[in-house]
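Given next are the chains, with one letter for each unit.
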Protein chains: 4
Amino acid sequence: MTAVLKIDCQYVKQLIDVQADADQRRLPIQKVGIKDLTYPVIFTDKEGSQQTRATCNLYVSLSADQRGTHMSRFISLMNENNQDLSVDNFRQLPETVAKILDADSSRIEIDFTYFKWKNAPVSGIRSAMDYHVYLAGDYADGKTDIQVKVEVPATSLCPCSKKISDFGAHNQRSLITITVQSSQTMMIEEIIEIAEKNASAEVYGLVKREDEKYLTEHAYQNPKFVEDMVRDIALCLQNDERITGFVVETENFESIHNHSAYAMIDQLNSSR
Amino acid sequence: MTAVLKIDCQYVKQLIDVQADADQRRLPIQKVGIKDLTYPVIFTDKEGSQQTRATCNLYVSLSADQRGTHMSRFISLMNENNQDLSVDNFRQLPETVAKILDADSSRIEIDFTYFKWKNAPVSGIRSAMDYHVYLAGDYADGKTDIQVKVEVPATSLCPCSKKISDFGAHNQRSLITITVQSSQTMMIEEIIEIAEKNASAEVYGLVKREDEKYLTEHAYQNPKFVEDMVRDIALCLQNDERITGFVVETENFESIHNHSAYAMIDQLNSSR
Amino acid sequence: MTAVLKIDCQYVKQLIDVQADADQRRLPIQKVGIKDLTYPVIFTDKEGSQQTRATCNLYVSLSADQRGTHMSRFISLMNENNQDLSVDNFRQLPETVAKILDADSSRIEIDFTYFKWKNAPVSGIRSAMDYHVYLAGDYADGKTDIQVKVEVPATSLCPCSKKISDFGAHNQRSLITITVQSSQTMMIEEIIEIAEKNASAEVYGLVKREDEKYLTEHAYQNPKFVEDMVRDIALCLQNDERITGFVVETENFESIHNHSAYAMIDQLNSSR
Amino acid sequence: MTAVLKIDCQYVKQLIDVQADADQRRLPIQKVGIKDLTYPVIFTDKEGSQQTRATCNLYVSLSADQRGTHMSRFISLMNENNQDLSVDNFRQLPETVAKILDADSSRIEIDFTYFKWKNAPVSGIRSAMDYHVYLAGDYADGKTDIQVKVEVPATSLCPCSKKISDFGAHNQRSLITITVQSSQTMMIEEIIEIAEKNASAEVYGLVKREDEKYLTEHAYQNPKFVEDMVRDIALCLQNDERITGFVVETENFESIHNHSAYAMIDQLNSSR
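The model shown is predicted, which means the values in this text are computed figures rather than measured ones. (Residues numbered from 1 in each chain as written. Chains lettered and ligands numbered in written order. Predicted model: local features only at pLDDT ≥ 70, side-chain atom pairs only at ≥ 80, totals over all residues. Heavy atoms only, no water.)

Overview of the overall build of chain A
What counts, and what does not: Secondary structure counts use DSSP, requiring at least four H or I residues in a row for a helix and at least two E residues in a row for a strand, with both numbered from the N terminus. In this description the radius of gyration comes from C-alpha coordinates, and the expected globular size is given by 2.2 Å times residues to the power 0.38. Any residue under 20% of the maximum accessible area for its type is buried, any over 50% is exposed, and the rest in between are partly exposed; the area is computed with a 1.4 Å probe on protein chains only. Throughout, a residue-residue contact means that at least one pair of heavy atoms, one from each residue, lies within 4.5 Å. In short, Shrake-Rupley with a 1.4 Å probe defines the accessible areas, and a residue's cover is counted only from the protein chains shown.
Helix and strand counts for chain A come out as eight helices and nine strands. Relative to the globule expectation of 19 Å for 272 residues, the C-alpha radius of gyration of chain A, 23 Å, shows a markedly less compact shape. When the backbone C-alpha atoms are referred to their principal axes, chain A occupies close to 80 × 50 × 35 Å. Across the 272 residues of chain A, 64% fall into the buried class. Put simply, of all contacts in chain A between residues at least 6 apart along the chain, 64% involve residues at least 24 apart. Of the roughly 10,000 Å² of accessible surface on chain A, a fraction of 42% belongs to carbon and sulfur atoms.

Section: the state of the cysteines
Cut-off, in case you're wondering: Note that a disulfide, as used here, is simply two cysteine sulfur atoms within 2.5 Å.
Under the counting rule described, the total for this entry stands at zero disulfides over all chains. No disulfide involves Cys-158 of chain A; its sulfur sits 5.0 Å from that of Cys-160 of chain A, the nearest cysteine.

A word on the packing of helix H2 (residues 72-81) of chain C against helix H4 (residues 93-100) of chain C
All names here are of chain C. Here is the rule: All axes here are fitted lines through C-alpha atoms, helices being fitted over the stretch that makes contact, and every angle between N-to-C directions spans 0 to 180 degrees. Angles below 35 degrees are treated as roughly parallel, those above 145 as roughly antiparallel, those between 65 and 115 as roughly perpendicular, and all remaining angles as oblique. The hand of a helix crossing depends on one turn: near helix anticlockwise from the far one by less than a right angle means left-handed, and clockwise means right-handed. Each residue is assigned to one class: nonpolar for Ala, Val, Leu, Ile, Met, Phe, Trp, Tyr, Cys and Pro, charged for Asp, Glu, Lys and Arg, and polar for all the others, Gly among them.
For the pair H2 and H4, interaxial distance at closest approach is 10 Å and the crossing angle is 140 degrees. It follows that H2 is oblique to H4 by the angle criterion. By crossing handedness, the relation of H2 to H4 is classed as right-handed. Of the residues in H4, those touching H2 at Arg-73, Phe-74, Leu-77 and Asn-81 are Leu-93, Thr-96, Val-97 and Ile-100. Here the contact of H2 with H4 is composed, by residue class, of five nonpolar, two polar and one charged.

Considerations on the interface of chain D and chain B
Worth spelling out the cut-off: As used here, buried area is the combined drop in accessible area, with a 1.4 Å probe, of two parts when they are placed together. Take a side-chain nitrogen of Lys or Arg and a carboxyl oxygen of Asp or Glu: if they are within 4 Å of each other, that pair is a salt bridge. Here a polar contact is recorded for every N or O atom pair within 3.5 Å, except that within protein the pair must consist of a potential hydrogen donor and a potential acceptor, and residues adjacent in sequence are included only if both atoms are side-chain atoms.
Contact residues are listed per partner, giving 37 residues for chain D and 38 residues for chain B. Buried surface at the junction of chain D and chain B, both sides included, amounts to about 3,200 Å², of which 53% is carbon and sulfur. Of all residues in chain D, the largest losses of buried area upon contact with chain B belong to Phe-167, Arg-173 and Asn-258 of chain D, amounting jointly to 22% of the total for that side. Applying the counting rule to chain D against chain B returns two salt bridges. Note that Lys-213 of chain D is salt-bridged to Asp-166 of chain B, the shortest N-O span being 3.4 Å. Taken together, the links from chain D to chain B amount to 29 residue pairs in polar contact (both at pLDDT 80 or more). For the side of chain D that touches chain B, the elements supplying multiple residues, two or more each, are strand E4 (126-140), strand E5 (143-157), helix H5 (159-164), strand E6 (171-182) and helix H7 (209-221) of chain D. Ranked by residue count, the leading element in the side of chain D that touches chain B is H7 of chain D, at seven residues. By residue class, the composition of the side of chain D that touches chain B is 14 nonpolar, 15 polar and eight charged.

What about the relation of the copies chain D and chain B?
What counts is decided by this rule: Copies are brought into register by a least-squares superposition over C-alpha atoms of residues with pLDDT of at least 70 in both.
If you rotate chain D by 180 degrees and push it 0.0 Å along the axis, it lands on chain B with an RMSD of 0.0 Å. One copy is carried onto the other by what is essentially a two-fold rotation axis. A shared interface surface links the copies, since 100% of the contact residues of chain D are contact residues in chain B too.

Overview of the interface of chain C and chain D
Taken together, the 53 residues of chain C in the interface contact 53 residues of chain D. Note that Arg-25 of chain C and Asp-232 of chain D form a salt bridge whose closest N and O atoms lie 2.7 Å from each other. Of all the elements in the fold, those that place two or more residues in the side of chain C that touches chain D are strand E1 (29-45), strand E2 (48-62), helix H5 (159-164), helix H8 (226-238) and strand E9 (260-267) of chain C. Broken down by class, the residue content of the side of chain C that touches chain D amounts to 28 nonpolar, twelve polar and 13 charged.

A few points about the packing of aromatic side chains
Note the threshold: Each pair of aromatic rings taken from Phe, Tyr and Trp, with Trp reduced to its six-membered ring, is defined by centres within 6.5 Å and is described as stacked if the planes are under 30 degrees apart, edge-to-face if over 60, and tilted in the remaining cases.
Scanning the entire structure with this criterion turns up 20 aromatic pairs over all chains. Here the aromatic rings of Phe-167 of chain B and Tyr-220 of chain D are separated by 5.4 Å at their centres, their planes lie at 35 degrees, and the arrangement is tilted. With Phe-167 of chain B in the loop between helix H5 (159-164) and strand E6 (171-182) and Tyr-220 of chain D in helix H7, this pair bridges two chains. Ring pairing ties together the aromatic residues Phe-43, Phe-112 and Tyr-114 of chain A, which thus form one cluster.

Digging into the side chain of Asp-232 of chain B
Within the secondary structure, Asp-232 of chain B is located in helix H8 (residues 226-238). For Asp-232 of chain B, a relative accessible area of 16% corresponds to the buried category.

Side note on the relation of the copies chain C and chain D
The two copies are related by a screw operation: chain C maps onto chain D through 180 degrees of rotation and 0.0 Å of translation along the axis, at an RMSD of 0.0 Å. Most of the interface of chain C is mirrored in chain D, where 100% of its interface residues again form contacts.

Some details on helix H8 (residues 226-238) of chain A
All names here are of chain A. Note the threshold: For a helix, the expected span equals 1.5 Å multiplied by the residue count minus one.
Compared with an ideal rise of 1.5 Å per residue, which puts 13 residues at 18 Å, H8 spans 18 Å between its outermost C-alpha atoms and is within 8% of the ideal. Taken across its 13 residues, H8 has ten buried, putting it largely inside the fold. Restricting attention to buried positions, one finds in H8 the residues Val-226, Glu-227, Asp-228, Met-229, Val-230, Arg-231, Asp-232, Ile-233, Ala-234 and Leu-237.

Structural notes on the confidence of the model for chain A
All names here are of chain A. How we decide: Confidence of the predictor at the level of single residues is captured by pLDDT, which takes values from 0 to 100.
Mean pLDDT for chain A: 92, with 93% of residues reaching 70 or above. The low-confidence segment residues 1-13, where pLDDT is below 50, has 22 contacts with residues more than four positions distant or belonging to other chains. Quick note on the complex model: pTM equals 0.92, ipTM equals 0.90.

Let's talk about the pattern of salt bridges
According to the stated counting rule, one finds 68 salt bridges over all chains in the structure shown. A salt bridge links Glu-95 of chain A to Lys-99 of chain A; its shortest N-O distance comes to 2.8 Å. Linking Glu-95 of chain A with Lys-99 of chain A, this pair stays in helix H4 (residues 93-100), spanning four residues, or about one helical turn. Under the relative-accessibility criterion, Glu-95 of chain A is labelled partly exposed at 29%. According to the relative accessible area criterion, Lys-99 of chain A is exposed, its value standing at 55%. Through salt bridges with shared partners, a single network forms among Asp-23, Arg-25 and Arg-67 of chain A together with Lys-224, Asp-228, Arg-231 and Asp-232 of chain B.

Some points on unusual backbone geometry
In this model, Asp-141 of chain A sits at a positive phi of 50 degrees, which is unusual for a non-glycine residue. Among the secondary structure elements, Asp-141 of chain A is positioned in the loop between strand E4 (126-140) and strand E5 (143-157). We classify Asp-141 of chain A as exposed; its relative accessible area is 77%. Although it is not a glycine, Asp-102 of chain B adopts a positive phi angle of roughly 50 degrees. Within the secondary structure, Asp-102 of chain B sits in the loop between helix H4 (93-100) and strand E3 (106-119).

Focus: the environment of Val-133 of chain C
All names here are of chain C. Along the chain, the position of Val-133 falls in strand E4 (residues 126-140). When its relative accessible area of 0% is taken as the criterion, Val-133 is described as buried. Expressed as a C-alpha distance, the spacing of Val-133 and Val-203, which sit 70 residues apart in the sequence, is 17 Å. Excluding residues that lie within four positions of it along the chain, Val-133 makes contacts with Ile-110, Asp-111, Phe-112, Tyr-114, Lys-149, Val-150 and Ile-188.

Some thoughts on helix H2 (residues 72-81) of chain A
Every buried residue of H2 of chain A is accounted for by Ser-72, Phe-74, Ile-75, Ser-76, Leu-77 and Met-78 of chain A. Those residues of H2 of chain A that are buried are in contact with strand E1 (29-45), strand E2 (48-62), H4 and strand E3 (106-119) of chain A together with E4 of chain D.

Topic: the packing of helix H6 (residues 188-197) of chain B against H8 of chain B
Working note: a packed helix pair is described by the angle between its axes plus the distance between those axes. Residues and elements named next belong to chain B. Running from N to C, H6 and H8 point in directions that differ by 140 degrees, and their axes come no closer than 9 Å. Comparing the axis directions of H6 and H8 gives the class oblique. Handedness of the crossing formed by H6 with H8: right-handed. Residues Ile-194, Ala-195 and Lys-197 of H6 touch H8, and the partners they reach there are Ile-233, Cys-236 and Leu-237. By residue class, the composition of the contact of H6 with H8 is five nonpolar, no polar and one charged.

Next up, the structure:
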């Protein structure tokens with residue numbers, strides 16, 4: 001911007017703070033803040049640190065007597081915390097943002113693509129797989145509640161189609177979504193593993209013919225409905241003592257339809 | 001499909017019903033069904049009937065002892081009900097789908113674009129405006145709970161920017177979302193009207209210069225934060241005796257940022 | 001909008017026409033207009049008329065000496081033509097919009113979901129299938145050039161996977177896209193049929209078990225790479241004398257990967 | 001995947017190469033490959049290196065006598081080149097992929113979010129801004145043609161609205177897209193700067209009140225139509241001797257409409 005700056009900055013510092021006006025409508029606001037902020041973050045998990053592009057929503061509550069919140073403070077918070085994000089570090093953010101904005105409660109949502117390097121099942125050849133991760137944190141009444149959600153692409157093969165057909169079975173890409181609340185931190189990769197081992201087959205970035213043969217036959221030998229996948233995964237999650245609540249969803253992008261089949265088991269604590 | 005049909009249909013009718021298998025995992029499923037079905041519907045509101053393209057999600061619960069649901073029945077339900085949809089008729093669907101699938105509970109979500117013809121504020125010239133409508137219905141314990149959500153595009157003008165600047169004020173397209181639960185049916189258009197009259201200005205498909213002058217000046221005289229818009233709308237909704245619960249959200253696609261400002265007031269009944 | 005209208009409309013009619021200013025930058029503009037207008041249209045094809053929601057882009061060229069175009073005239077054009085759209089009627093629109101805006105050239109793009117009722121292959125049960133249609137028209141040098149593009153979901157089954165595996169074969173939802181230029185009007189449904197009969201199998205909204213058996217076995221007996229599908233479709237299109245140019249694309253949402261396989265044959269006339 | 005691996009790998013290496021079959025349809029394919037691969041890349045520009053998530057499409061041509069291409073080689077190429085991407089390094093990729101796949105021609109498209117740290121115009125406070133970058137490269141007849149496209153969010157303020165209104169002027173977020181072909185490499189940041197200095201005002205992640213006052217007044221003093229922005233930017237691009245061809249587009253997400261205003265100047269060399 002080349003225009004000469006003609007503003008008297010002393011004066012500017014005294015600019016009226018309209019947001020601090022008292023409000024007469026007597027209506028508290030549950031969430032106010034910024035949405036769809038695209039920001040660089042460095043996220044650390046089992047495989048080490050990776051820089052990625054995150055989409056961030058940051059909200060606080062606003063009491064009935066205040067007209068507006070101070071939006072710029074949310075970005076300042078991101079500036080101070082985007083270099084060192086992990087499931088553990090995220091846990092502090094909801095309380096921090098509430099304090100910075102003098103709010104009773106807050107909610108933070110950060111989502112990004114997490115890359116994991118996988119070895120193909122037979123050839124062992126290596127490639128990156130992309131998983132979408134959502135971190136959500138709520139702070140209220142002095143307590144913080146964290147949810148970690150991971151979307152895991154996989155293969156599903158239809159048991160009905162296999163059983164009624166003389167040969168073949170329709171199969172398709174499937175998206176497994178696991179949301180966990182836990183007493184101790186779970187790694188993103190632990191969640192991914194639970195999803196992948198309960199699908200008809202895993203998906204990979206790079207496969208050789210020997211892998212393709214293996215995956216095709218493995219899927220055919222492990223037919224699963226969306227209902228089967230959410231149940232098998234729920235059993236695994238119930239057996240992990242760290243997990244205090246979870247939601248499992250599976251969506252099949254059906255190869256014989258132009259719509260999805262979907263199933264969901266919700267065992268989140270009612271304390272939410 | 002040109003292949004000669006070699007299937008013995010008598011035999012086919014006796015194809016094994018894999019979905020009806022007993023399930024040993026003792027895990028009930030809260031939601032199972034179809035997602036992202038694109039279907040034609042005829043929707044009737046204040047302005048009469050309009051055919052449109054809907055996206056439909058239809059789910060039922062599945063008891064612990066049953067392996068799978070019967071996906072094709074959801075489409076049959078849509079076939080029987082897509083010609084005569086309205087907020088009123090939608091009210092019956094969740095119970096119907098639960099009965100058709102022998103389920104204890106169900107959830108149906110149908111969303112589509114609703115068109116309303118508007119007259120520009122000064123010239124009176126007519127054009128269509130598009131609003132996104134979401135109908136959601138939950139059936140459980142013999143009771144049905146309906147939510148109607150409408151997204152209304154509008155103009156917002158920033159009170160802070162107006163106050164601190166010697167001239168001008170940043171403004172932008174804003175999306176107001178109102179979700180209502182009501183004891184009596186509310187027309188989609190009634191909800192739209194509440195949103196539009198509480199924005200800095202309405203938006204139109206077609207305006208003449210005299211309309212543009214009016215809208216520019218009207219917005220400048222009605223500066224509102226996202227917080228102001230959700231509060232002003234909440235006051236209107238509280239005054240409507242038919243409404244038993246609501247959520248109001250406003251998202252400003254800020255013209256001085258590449259992210260949104262957002263506010264939300266949630267006064268839905270806890271009975272949900 | 002409740003504010004009292006204080007504008008003198010006589011005066012308003014004389015509001016300065018800023019767009020008509022002479023421009024000193026000596027730069028013609030190839031396309032200027034409106035984008036992403038959501039508008040109701042009634043489209044007529046083989047099955048009769050259906051109302052739908054269209055997304056419309058309307059552009060004209062602007063000569064070097066004119067500062068701006070008159071955006072509101074595009075909406076007026078839509079108001080006059082949205083009730084009676086077909087591939088045939090669309091053919092007139094580019095020239096019309098150029099004339100209305102005193103422009104040398106123009107481009108119009110209208111896309112929408114087209115519904116066709118299909119009978120399942122064995123049970124004959126009926127349901128709607130959604131296809132996305134794009135109409136694009138260019139007017140320049142007194143000539144109009146029309147392209148009709150249709151996206152057709154289908155099933156593809158991998159020949160390599162079938163051949164190397166002892167049982168099964170990976171398959172997936174596939175999207176076939178056909179773009180045609182033709183000397184005589186082709187029905188949307190004719191284009192859909194060419195795509196569907198050349199896939200491994202068709203997809204349907206509603207199938208019964210006997211249909212699922214048929215589709216599974218039919219796909220297994222008709223394995224096709226993306227390369228095979230675009231070639232088989234290209235052969236069909238070459239044999240239709242009405243067609244003067246085409247593009248065929250196939251995208252497989254691979255069930256063993258989290259990315260797509262894609263192929264394209266481009267035989268559009270270079271006259272474009 | 002816990003299943004015991006029972007495949008004889010010696011045998012597997014001899015698995016039939018179905019893709020290498022001779023093809024009888026005598027139809028060359030212009031583009032075949034992989035689409036929508038999400039992959040981690042490290043991209044280097046003026047500000048140094050940043051890791052990001054890219055979406056990649058990689059295609060080659062296929063001669064009439066070959067049945068299929070070898071999809072896995074595209075991923076291998078990404079594995080070898082994703083750690084050191086820049087506009088300069090990208091220039092080699094199209095020829096490399098053509099050679100790896102024995103193809104006459106190729107096309108590579110890689111798009112990702114590029115972050116630049118900006119100082120607010122008055123307070124100087126620092127925050128990240130996100131820009132979308134598309135790299136496209138075509139190799140044919142022994143020559144490589146590269147296009148670099150950058151999307152730059154900005155503010156636009158309507159000259160007509162300002163002129164006809166007694167106070168205020170509608171403004172909105174705008175997206176400026178610049179595509180360049182150049183004889184010497186241009187930095188992404190150079191392209192961003194050209195876009196930003198020709199908008200009504202720049203946008204920032206983080207602004208203080210003094211910045212908001214400045215941006216509001218600056219935009220009011222620099223009203224521009226979409227037509228003005230593409231022309232002003234085109235003049236800048238014409239004056240840069242490195243640039244051999246360009247396209248400039250501007251899309252205003254109009255604050256008084258629910259659709260966009262759009263303009264485009266195309267001065268790409270016809271050699272393309």
